[in-house]
Amino acid sequence: MEVKLLEEKGNTVKFLFKGTTHIFMNALRRQIMAGTPVLAIEEVHIYQNTGVMFDEMFSHRLAMVPLKHDPKRYKLGDKVKLVIEKEGPCTVYSKDIKSTDPKIEPAELNILLTKLREGKKIKMELDAVVGIGKEHAKWQPAIVSFQELPIVTGEGKKKGKSYKADMIETLLDGKQRDLILDEGQKVEYDPTTFIFTVESHGNISVKELFESAIEGLTSKSKEFRGELKNLS
């Protein structure tokens, strides 16, 4: 199997996988989205909230804020304390969430949480826990998708004016193009070559997402082989 980086824009990365199958690509997709341990706020202890937003709604907004952390330091089930305390008049952003570990912070600092009028206050203690997307969307570190590589087959009659069989160049430029086929050409898809897109939420890097996913798939494979041996 060959892997090639096609495009990298902010938190979105595209790869080209050659010589593999739908089964592997879907397993990798599911492992990144549902099996990668990341940090998210699980419990909110509310000491004061006189703002307009209900406790439950504000807690939900806090839980969905992606948190940057070191995946090598924090493992599944680990907990970290955070706090948020503000008094109006002000706008409360994700950057106002403070952690006991200075290396932990929101992946995006300007996520709007609520607005406080003069004299209104919030004071909360937050318990962040390392979990996986299989349990709840707040632990999902990325949106991942894949598709078969489209190719154009057939020579066409108007030489030099039709698309080439290799469409990699059209994928690299990052722009949407209308596919204009010459007479005698058609679009087919290569079932062994895939465009794999990862849109990270910023909790951890795309490289760390892949490392964690491969480690998870390897562990599951060993566990499955062990179960098969027990059956014999």
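Located above this text is the structure these notes cover.
Just so it is clear, the model here is predicted, and its values are computed rather than measured.

So, on to helix α4 (residues 206–231). Given a rise of 1.5 Å per residue, 26 residues ought to cover 38 Å, and the 38 Å separating the end C-alpha atoms of α4 matches this to within 8%. Turning to α4, its buried residues number three or more, namely V206, L209, F210, S212, A213 and G216. Buried residues belonging to α4 abut β2 (12–18), α1 (22–35), β11 (142–153) and β12 (186–200).

Ordered by their spatial adjacency, four strands build an open sheet running β1-β2-β12-β11, and the pairing between neighbours is antiparallel. Edge positions in the sheet fall to β1 (2–9) and β11, since each has one partner strand and no second. Strand-to-strand twist in this sheet, taken as the mean axis angle between neighbours without regard to direction, amounts to 25°. Where β2 and β12 come together, seven bridges link them in antiparallel fashion. The residue bridging F17 from the neighbouring strand is F194, located in β12.

Right, let's talk about the sheet that holds strand β10 (residues 121–131) for a bit. Across the sheet, which stays open at both edges, the four strands sit in the order β3-β10-β5-β7 with antiparallel pairing between neighbours. The open sheet is flanked by β3 (38–49) and β7 (98–99), the only strands paired with a single partner. One ladder, built from ten bridges, connects β3 with β10; its direction is antiparallel. Among the inter-strand pairings, I46 is bridged to a residue of β10, identified as M124. Taken strand by strand, helix α2 (residues 55–63) contacts β3, β5 (79–87) and β10, and its axis lies near 150° from that of β3.

Where β1 lies against β2, seven bridges are found, and the strand directions are antiparallel. Within β2, the residue paired with E8 across the bridge is V13. Joining the antiparallel neighbours β1 and β2 is a turn of two residues, in which G10 adopts a positive phi near 60°.

Another point: the layout of surface pockets. Estimates place the volume of the largest pocket at around 660 Å³. Around the largest pocket sit 23 residues that line it, and Q31, G35, P37, S212 and G216 are the ones nearest its centre. Contributing elements (two or more residues each) for the lining of the largest pocket: α1 and α4. Looking at the lining of the largest pocket, the element that brings in the most residues is α4, giving eight residues.

Rules of the game
Residues numbered from 1 in each chain as written. Predicted model: local features only at pLDDT ≥ 70, side-chain atom pairs only at ≥ 80, totals over all residues. Heavy atoms only, no water. Helix = DSSP H or I, 4+ residues; strand = E, 2+ residues; numbered from the N terminus. Expected span 1.5 Å × (residues − 1). Buried < 20%, exposed > 50% of the residue type's maximum accessible area, 1.4 Å probe, protein only. Contact = heavy atoms within 4.5 Å. Pairing = 2+ DSSP bridges. Axes fitted to C-alpha atoms, helices over the stretch in contact; angles between N-to-C directions. 1 Å grid on protein atoms, 1.4 Å probe; cavity = no way out; pocket = protein on both sides within 12 Å on 5 of 7 lines; lining within 4 Å. Points joined across faces, edges and corners; volume = space filled by probe spheres on them.

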